[in-house]
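Architecture at a glance
Chain by chain, the residues:
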Amino acid sequence: MKIEEHGNGYRVRKMYKGKTYTAYFDHKPTQKEALLAISSLMEGGESSGDKGSVKEAAEKYIADRRERGLSPTTLIGYKSSLRNTPEWFLEMNAFDVDQKDVERLISEYSITHSPKTVSNLSNFYRGVFRFIRPKFVYGVEIPRRVKKMKYEPTTRNVMDILDYAKGSKYSVFLQLAVLGVRRGEIAALTPADLNSHNVLTINKDMIKSEGIGYEIKEIPKTSASNRRILIPSGLADEIRAKGYVHKGDIAQPYKYLQEVQESLGIPHFPLHILRHFAAAYLNKMGFTRDQILQFCGWEKSSNVMERVYSYNLDPEESQKDISDAFDNLF
């Protein structure tokens, strides 16, 4: 019986009648602890050779997460990570994988995948091994993400986009996006969610299904996402007149926005950035942090608004005094 360092912990192995029995520890065990652990495995008839492959362990993990109600979108991501994992790693015995094996996996995967995708893969297998081997905790260096600067639309940009979209089938969708409503929340809305006082109830989400297409999730992204907002009367009347909020593929409004940007000569930015704009605009107009968090559906404990969404809207206005101050020096 040998005690050896393994990853961030220790591994004890013993061969008996052609089977290898392996116990893992997050600390260096005493001989007595090691003997008890191996004896327990031998009595239970479990050995490292009985545990199955990494692929089998990953499939069991995904099945367990599905039973626990994990969102289909996350499950799709898990399946993608599993599907794109190199065969040599999937075929390994799940209880024989060590720190060096994971390092090799991450190193190879990094050659052909983005840092975000590599991070997703690492986190997936971290969950898999936590599921079957709680004491096996690996630490690997993930390539740093290169943060790309996204164009942040000005108030004029948004006004031009909404004006261009008037009368189109995407007019309502874009107006709601400018109000900070998430894409999935908009797609799940119906005229029945709008009352006679122009209050819109947001309590559903449209998400990717595990199969093909999308499905309605009867609860929104977070508890704070479940909210009621008063919308402008013109928008409310347009929803009632059309008899729908959105029809068709959920990806179409994004494609339409790209077409509008090209037509107007506005730098490209994704649809979700309009949610950023909503927070920045409300912040500029003097609304409190709590008001903005509640209207846009963020948890009160969230720092996402300060960290991401309160960008410097319309610098030609907000920074005029600063520019004038420096102008005295030049």
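Residues numbered from 1 in each chain as written. Predicted model: local features only at pLDDT ≥ 70, side-chain atom pairs only at ≥ 80, totals over all residues. Heavy atoms only, no water.

Here we look at the overall build of the protein
When its secondary structure is counted, the protein shows 16 helices and seven strands. On C-alpha atoms alone, the protein measures out to a radius of gyration of 27 Å, which is more than a quarter above the 20 Å that the 2.2 N^0.38 rule sets for 330 residues. Summarising its shape, the C-alpha atoms of the protein cover approximately 80 × 60 × 35 Å along the three principal directions. Counting the 330 residues in the protein, one finds 42% classified as buried. If you take every contact in the protein between residues at least 6 apart in sequence, the share linking residues at least 24 apart comes to 62%. Total accessible area on the protein is roughly 18800 Å²; 51% of this is exposed by carbon and sulfur atoms. (Helix = DSSP H or I, 4+ residues; strand = E, 2+ residues; numbered from the N terminus. Rg over C-alpha atoms; globule rule 2.2 N^0.38 Å. Buried < 20%, exposed > 50% of the residue type's maximum accessible area, 1.4 Å probe, protein only. Contact = heavy atoms within 4.5 Å. Areas by Shrake-Rupley, 256 points an atom, 1.4 Å probe, with all protein chains shown as cover.)

Considerations on unusual backbone geometry
Residues other than glycine predominantly adopt negative phi, and peptide bonds predominantly adopt the trans conformation. Backbone geometry places asparagine 198, a non-glycine residue, at a positive phi of 70°. Locating asparagine 198 in the fold gives a position in the loop between helix 9 (183–188) and strand 4 (199–202). Judged by relative accessible area, asparagine 198 falls into the buried class, the value being 15%.

Here's the deal with the nonpolar core
Ranked by size, the top nonpolar core spans 35 residues in total, and within it Leu174, Leu176, Ile231 and Leu274 carry the most contacts. Counting residues per element, the ones that place at least two in this core are helix 7 (155–165), helix 8 (171–178), strand 4, helix 10 (233–242), helix 11 (252–264) and helix 12 (273–284). Element by element, the count of residues in this core is highest for helix 8, at six residues. Look past the residues within four positions of leucine 174 in its chain and what remains in contact with it is Ile161, Leu162, Ala165, Tyr256, Leu257, Leu271 and Leu274. Judged by nonpolar contacts, the second largest core, of 28 residues, contains Tyr24, Val54, Ile62 and Val97. (Core = buried A, V, L, I, M, F, W, Y, C linked by side-chain atoms within 4.5 Å.)

What about the environment of tryptophan 88?
In this fold, tryptophan 88 is placed in helix 4 (residues 87–90). For the pair tryptophan 88 and aspartate 324, spaced 236 residues apart in the sequence, the C-alpha separation amounts to 63 Å. The contact partners of tryptophan 88, leaving out residues within four places of it in the chain, are Asp101, Arg104, Leu105 and Glu108. Within the structure, tryptophan 88 has its side chain in polar contact with the side chain of glutamate 108 (distance 3.0 Å). (Polar contact = N/O pair within 3.5 Å; in protein donor to acceptor, adjacent residues only side chain to side chain.)

Some words on the packing of helix 8 against helix 10
How two helices sit against one another is set out by the angle between their axes and by the gap between those axes. Running from amino to carboxyl end, helix 8 crosses helix 10 at an angle of 145°, the nearest separation of the two axes being 10 Å. Handedness of the crossing formed by helix 8 with helix 10: left-handed. Two secondary-structure elements touch here, helix 8 through Ser171, Val172, Gln175 and Leu176 and helix 10 through Leu235, Glu238, Ile239 and Lys242. Residue classes in the contact of helix 8 with helix 10 are distributed as four nonpolar, two polar and two charged. (Axes fitted to C-alpha atoms, helices over the stretch in contact; angles between N-to-C directions. Left-handed = near helix turned anticlockwise from the far one by under 90°. Nonpolar A, V, L, I, M, F, W, Y, C, P; charged D, E, K, R; others polar.)

Points about the environment of asparagine 157
Counting through the fold element by element, asparagine 157 comes out in helix 7. Residue classification places asparagine 157 among the buried positions, given a relative accessible area of 11%. Along the backbone, asparagine 157 and isoleucine 266 are 109 residues apart, and their C-alpha atoms lie at a distance of 7.0 Å. In contact with asparagine 157, other than residues within four places in its own chain, are Tyr151 and Ile266. Looking at asparagine 157, its side chain comes within polar contact range of the main-chain nitrogen of threonine 154, at 3.1 Å.

With respect to the packing of helix 3 (residues 72–83) against helix 6 (residues 115–132)
Close contact between helix 3 and helix 6 brings their axes to 10 Å; oriented N to C, the two are set at 95°. Overall, the two elements helix 3 and helix 6 adopt an arrangement that is roughly perpendicular. Contact residues: Tyr78, Ser81 and Leu82 in helix 3; Asn120, Leu121, Phe124 and Tyr125 in helix 6. A class-by-class count of the residues in the contact of helix 3 with helix 6 yields five nonpolar, two polar and no charged. (Parallel < 35°, antiparallel > 145°, perpendicular 65-115°, else oblique.)

Description of the confidence of the model for the protein
Any residue range with low pLDDT should be treated as having predicted coordinates unsuitable for detailed reading. Predicted confidence across the protein gives a mean pLDDT of 86, with 92% of residues reaching 70 or more. Low pLDDT, under 50, characterises residues 45–50; the predicted model gives this stretch 15 contacts beyond four residues in sequence or across chains. (pLDDT = per-residue confidence, 0-100.)

Things to note about the packing of aromatic side chains
Inspection of every chain in the model, using the stated rule, returns 14 aromatic pairs. Centroid distance tyrosine 78 to phenylalanine 124: 5.1 Å. Interplanar angle 40°. Geometry classified as tilted. Note that tyrosine 78 is positioned in helix 3 and phenylalanine 124 in helix 6, a separation of 46 residues in sequence. Judged by relative accessible area, which is 17%, tyrosine 78 ranks as buried. A residue is classified by how much of its surface remains accessible, and phenylalanine 124, at 1% relative accessible area, is buried. A centroid spacing of 5.6 Å and a plane angle of 85° characterise the contact between tryptophan 88 and phenylalanine 89, whose relative ring orientation is edge-to-face. Connected via pairs of aromatic rings, a cluster forms that spans Tyr61, Tyr78, Trp88, Phe89, Phe124, Tyr125, Phe129, Phe131, Phe136 and Tyr138. (Phe/Tyr/Trp six-rings, centres within 6.5 Å; stacked < 30°, edge-to-face > 60°.)

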